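# Secondary and tertiary structure notes
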Amino acid sequence: MPLEALRYDVTPVGLHYLLIHFDIPVVDESTWRLSIGGQVDSELSLTLDELRALPAVTVPVTLECAGNGRAQLSPRPVSQPWLNDAVGTAEWTGTPLAPLLRRAGVGEGAVEVLFTGLDRGVQGDVEHSYERSLPLDEALRPEPMLAYAVNGRPLPPQHGFPARLIVPGWYGMTHVKWLDRIAVLTEPFDGYQQAVAYRVAEGEDESGTPVTRMLPRALMVPPGIPDFLTRDRFLRPGPCRLEGRAWSGWGRITGVEVSTDGGATWSPAEISHPSSEHAWTRWQHDWDAEPGEYELCSRATDSAGNVQPLQASWNVQGMANNAAQRITVTVDGRG
Ligand SMILES: Nc1nc2c(c(=O)[nH]1)N[C@H]1C(S)=C(S)[C@@H](COP(=O)(O)O)O[C@H]1N2
Ligand SMILES: [Mo]
């Protein structure tokens, strides 16, 4: 997502980031069925019309890739080279997952729920369908939903047509697109995208800890105008409104601070009420820009007490790097 799109409360679909491990499947909605099986009393099989006929909710949800910030790590982990732009907020419409699991009847000994996509490929030399699980208690929370529309329209192919999982608060990898089947499991899932990918480990030989909810992050709309090649920015002297968005999967945003000197000193920004518990919060701070060079930073704090660090902590896959954003600007006559 181009960072100037932080200005929109709801990200227009064409500006929302995308992360697609394999190929985008083409799905015929007239033959598509979603099965809910595994350790259940009676397996369900739903058509798209049946899914759409169930009680519907529409929720603005901020989605962020767990690899956001990766390209700022050194040495740089090999994967999507995201700077800070793998985020977006959309209004997802769908039906809550928990009532469907209850209708199927979660059986004895169930521990997790597995979500399998229709896309298939090879990663780390392992051929597999994209699939990820959720602990049973997380799957039975009221928030997770099976979404079939985004910003008021059917899902476009790239966002998971005909239906995807949305788990507000969790990093993007959890929100399985192009759903094929859901299975209640009696053993923890150990497939590639769960046991190998999406882990925070300091060394190649460690299995590390799983990536789950989004750590707090504030991002600023880059002020002024950019240089085409270097992306350095120029600003006219005078009053300048610094603005952006902040979010966390661990609670509400309780504060955003802004620095114009690379993080040496901080001022509190004004924060607004988010449009939902699961959507980003708008913030702003008025700055009187005098001629010179500045390193602008912003950092967020959430209600669980998490604060964004100034320095990144490195891990093998470059996951969950929520170090504060830094933007260098030159205040001169341009802008
Ligand atoms: N089936 C399937 N679901 C998937 C993926 C995928 O490759 N295949 N990518 C995941 C990752 S890593 C992210 S960050 C989000 C991105 O969702 P978006 O492309 O709709 O923004 O989808 C998740 N769901
Ligand atoms: Mo991701």
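Reference entry: report on the structure contained in this document. (Residues numbered from 1 in each chain as written. Chains lettered and ligands numbered in written order. Predicted model: local features only at pLDDT ≥ 70, side-chain atom pairs only at ≥ 80, totals over all residues. Heavy atoms only, no water.)

The next subject is the site of ligand 1. Residues in close proximity to ligand 1 total 19 residues, the closest being His 21, Asp 119, His 159, Arg 164 and Lys 177. The side chain of His 159 places a nitrogen or oxygen atom 2.6 Å from an oxygen atom of ligand 1. In isolation ligand 1 has 540 Å² of accessible area, and contact with the protein removes 100% of it. The site holding ligand 1 turns out to be the largest cavity. In the shell around ligand 1, the residues fall into 11 nonpolar, 5 polar and 3 charged. (Near = heavy atom within 4 Å. Polar contact = N/O pair within 3.5 Å; in protein donor to acceptor, adjacent residues only side chain to side chain. Areas by Shrake-Rupley, 256 points an atom, 1.4 Å probe, with all protein chains shown as cover. 1 Å grid on protein atoms, 1.4 Å probe; cavity = no way out; pocket = protein on both sides within 12 Å on 5 of 7 lines; lining within 4 Å. Sits in = over half its atoms within 2 Å of the grid points. Nonpolar A, V, L, I, M, F, W, Y, C, P; charged D, E, K, R; others polar.)

It is worth spelling out the pairing of strand S22 (residues 325–331) at this point. A one-sided burial pattern is seen for S22, the buried positions being Gln 325, Ile 327, Val 329 and Val 331 and the unburied ones Arg 326, Thr 328 and Thr 330. The pairing of strand S15 (residues 233–235) with S22 spans 3 bridges and is classified as parallel. Within S22, the residue paired with Arg 233 across the bridge is Val 329. Examined bridge by bridge, strand S21 (residues 292–302) and S22 share 7 bridges and lie antiparallel to one another. By the bridge assignment for S22, Ser 298 is matched with Gln 325. (Buried < 20%, exposed > 50% of the residue type's maximum accessible area, 1.4 Å probe, protein only. Helix = DSSP H or I, 4+ residues; strand = E, 2+ residues; numbered from the N terminus. Pairing = 2+ DSSP bridges.)

Core analysis: the biggest nonpolar cluster contains 68 residues, and Leu 51, Trp 92, Phe 115, Leu 146 and Ile 182 have the highest contact counts within it. Element by element, the count of residues in this core is highest for strand S7 (residues 145–150), at 6 residues. (Core = buried A, V, L, I, M, F, W, Y, C linked by side-chain atoms within 4.5 Å.)

On to the packing of aromatic side chains. Aromatic ring pairs are described here by two measures, namely the spacing of the ring centres and the angle between the planes. Across all of its chains, the model carries 3 aromatic pairs by this definition. Between the aromatic rings of Tyr 17 and Trp 82, the centroid separation amounts to 5.9 Å while the plane-to-plane angle is 90°, which identifies the pairing as edge-to-face. Within this pair, whereas Tyr 17 is found in the segment before strand S1 (34–38), its partner Trp 82 is found in the loop between strand S3 (57–64) and strand S4 (87–96), the two being separated by 65 residues in sequence. Taken as a pair, Tyr 17 and Trp 82 share a single burial class, namely buried. If you follow Arg 334 out to its NZ or CZ, it ends over the ring of Phe 234, 3.9 Å from the centre. (Phe/Tyr/Trp six-rings, centres within 6.5 Å; stacked < 30°, edge-to-face > 60°. Lys NZ or Arg CZ within 6 Å of the ring centre and 35° of its normal.)

Right, let's talk about the sheet that holds strand S18 (residues 267–268) for a bit. Spatial ordering of the open sheet is given by S14-S15-S22-S21-S17-S18, a layout of 6 strands whose pairing is mixed. Looking at which strands have only one partner, the edges of the open sheet turn out to be strand S14 (225–226) and S18. In the sheet, S14 pairs with S15 via 2 bridges, with the strands oriented antiparallel. In the sheet register, Ile 225 faces S15, and the bridge partner there is Phe 234.

This part takes up the environment of Ala 149. Looking at the element boundaries, Ala 149 is found in strand S7. When the C-alpha positions of Ala 149 and Arg 252 are compared, they lie 26 Å apart, and in sequence the two are 103 residues distant. Setting aside chain neighbours within four positions, we find Ala 149 in contact with Glu 91, Trp 92, Thr 93, Pro 154 and Leu 155. (Contact = heavy atoms within 4.5 Å.)

Mapped onto the fold, Arg 233 is located in strand S15. Here Arg 233 sits buried without a salt bridge, and the closest side chain of opposite charge, Glu 4, lies 6.2 Å off (N-O distance). A polar contact is formed between the side chain of Arg 233 and the backbone oxygen of Gly 224, at a distance of 2.9 Å. (Lys, Arg positive; Asp, Glu negative; His and termini not counted. Salt bridge = Lys/Arg side-chain N within 4 Å of Asp/Glu carboxyl O.)

With that settled, the discussion passes to the pattern of salt bridges. Applying the stated criterion across every chain, the model contains 14 salt bridges. The partner of Glu 143 in a salt bridge is Arg 141, with the nearest N and O atoms 3.0 Å apart. Counted as one network, the salt bridges with shared partners bring together Arg 7, Glu 243 and Arg 282.

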